[in-house]
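Listed below are the residues making up each chain.
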Amino acid sequence: MHEPDPAHLIDLSDVGRTYDDGPAALSGLNLRVRRGEALAVLGPSGSGKSTLLNLLAGLDRPSTGQVTVDGLRVDLLSEAACAKYRRSHVGMVFQFFNLLDDLTVLDNVLLPAQLAGTDRAGAAARAGELLDRLGIARHARARPGRLSGGERQRVAVARALMNRPPLLLADEPTGALDSASGADVRELLRELNAEGQTIVLVTHDLALAEACATRTIELVDGRIARDVTAAVTR
Ligand SMILES: Nc1ncnc2c1ncn2[C@@H]1O[C@H](COP(=O)(O)OP(=O)(O)OP(=O)(O)O)[C@@H](O)[C@H]1O
Ligand SMILES: [Mg+2]
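Residues numbered from 1 in each chain as written. Chains lettered and ligands numbered in written order. Predicted model: local features only at pLDDT ≥ 70, side-chain atom pairs only at ≥ 80, totals over all residues. Heavy atoms only, no water.

In the annotation of an unreviewed UniProt entry, the protein is listed under the name ABC transporter ATP-binding protein and assigned to Streptomyces narbonensis.

Structure below.
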C-alpha cells in the first residue's frame, strides 16, 4: 500500500486515466509536489496535461492509482466531499478566464466564498484585499466584459485565491493574452509563489515556465519524459 508523505502537497501514485477504449491519456504517473513548489507542466497537444489538472482539481477520477492532495485521497471522495474539496483546496485559472459576465468583478471574486458559506463581512474584506493587491479595485463594480484581457485574468486569479486554497491550478493562463498582459500575469504568479503559494500550471509558454516555475515536467504520451528542478533559487 502506497503511503503519502505529508511534506508533499500532491502525491500521485501510479496514476492512469483511459477514456473509453482510447489509448491511455495518462499512465503509470508518479509525481510528488512539495508545498511551495511552482510546477510547470509542458508537453505536446494531447499529452495529458489537462487530464492531469482535472484529476488534481477533483473534476475527474483516475482509472487506476491514487491521487492524494493535502492528505486527502481525492480519487475516493464522494460527490459531495469532492465539491467541498474543490471549494476549499483548489483555485483554478483558465485560458479564457471563465468569468460570469452577468456579475460585477467584485461579485465574481466573492462567488467562491458564498458557495463555501463564508460570513459576508469576512468575505467582503478578503475580496477587497485581493482586488487591491491585484490592482483591479477601481473595476470592482464593472462587468468583466469591459476589462482588458490582462485585467480579466487578474480577476480570475483573485477569484481563484478567494478561499485561500493550498493549491492554485492554471491551464494556459497567458494563452489568450497579448505579450504585455502575459508578462503581467507571469509576474503575478511568480510573486504568489514567492509568498508560498503552491502552483501547478500547464503551458506552452516557455517564458511563463521560466519566469515562475521552480520545477518543470514534460509529459509525452501520458508519461513524464523529463523532470527538472530549477537550478537557481529565486
Ligand atoms: N473527455 C474526453 N473523452 C475522450 N478522450 C479525451 C477526453 N479528454 C481528453 N481526452 C484524450 O486524452 C488525451 C489527453 O488529452 P488532454 O486534454 O489531457 O491533452 P493536453 O495535453 O491538455 O492537450 P492540449 O495541449 O491540446 O490542451 C488526448 O488524446 C485526448 O483526446
Ligand atoms: Mg489541455
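There's plenty left to go through after this.
**Student:** So, the pattern of salt bridges: which residues are in play, and what are the values?
**Tutor:** Tallied over the entire structure, the rule returns 14 salt bridges. Here aspartate 227 and arginine 215 are joined by a salt bridge, their closest N and O atoms 2.8 Å apart. Here arginine 215 lies in strand E9 (residues 215-220) and aspartate 227 lies in strand E10 (residues 223-229), a separation of 12 residues in the sequence. Note on aspartate 227: relative accessible area 40%, which makes it partly exposed. Each of Glu37, Arg215 and Asp227 takes part in salt bridges that share partners, so that together they form one network. (Salt bridge = Lys/Arg side-chain N within 4 Å of Asp/Glu carboxyl O. Helix = DSSP H or I, 4+ residues; strand = E, 2+ residues; numbered from the N terminus. Buried < 20%, exposed > 50% of the residue type's maximum accessible area, 1.4 Å probe, protein only.)

**Student:** Tell me about the sheet that holds strand E8 (residues 198-202), and please be specific about residues and values.
**Tutor:** Strands sit in the order E6-E7-E8-E3-E9-E10 across an open sheet of 6 strands; the sheet is mixed. Sheet topology places strand E6 (90-93) and E10 at the edges, where each strand pairs with a single neighbour. Averaged over all pairs of adjacent strands, the angle between strand axes in this sheet comes to 15 degrees, irrespective of strand direction. The strands touched by helix H1 (residues 49-56) within the sheet are strand E3 (38-42), E6, strand E7 (167-171), E8 and E9, with E7 carrying the most contacts at an inclination of about 150 degrees. Lying over the sheet, helix H6 (residues 179-194) contacts E3, E7 and E8, oriented at roughly 150 degrees with respect to E8. (Pairing = 2+ DSSP bridges. Axes fitted to C-alpha atoms, helices over the stretch in contact; angles between N-to-C directions. Contact = heavy atoms within 4.5 Å.)

**Student:** Now, about the site of ligand 1: what can you tell me, with residues and values included?
**Tutor:** The environment of ligand 1 is formed by Tyr19, Ala25, Pro44, Ser45, Gly46, Ser47, Gly48, Lys49, Ser50, Thr51 and His204. Between ligand 1 and the protein, one listed contact pairs an oxygen atom with a backbone N or O atom of serine 47 at 3.2 Å. Contact distances for ligand 1 include 2.9 Å between an oxygen atom and a side-chain N or O atom of serine 50. In the complex, the protein chains occlude 55% of the 640 Å² of accessible area that ligand 1 would expose alone. The dominant element in the shell around ligand 1, judged by the number of residues it contributes, is H1, at 3 residues. (Near = heavy atom within 4 Å. Polar contact = N/O pair within 3.5 Å; in protein donor to acceptor, adjacent residues only side chain to side chain. Areas by Shrake-Rupley, 256 points an atom, 1.4 Å probe, with all protein chains shown as cover.)

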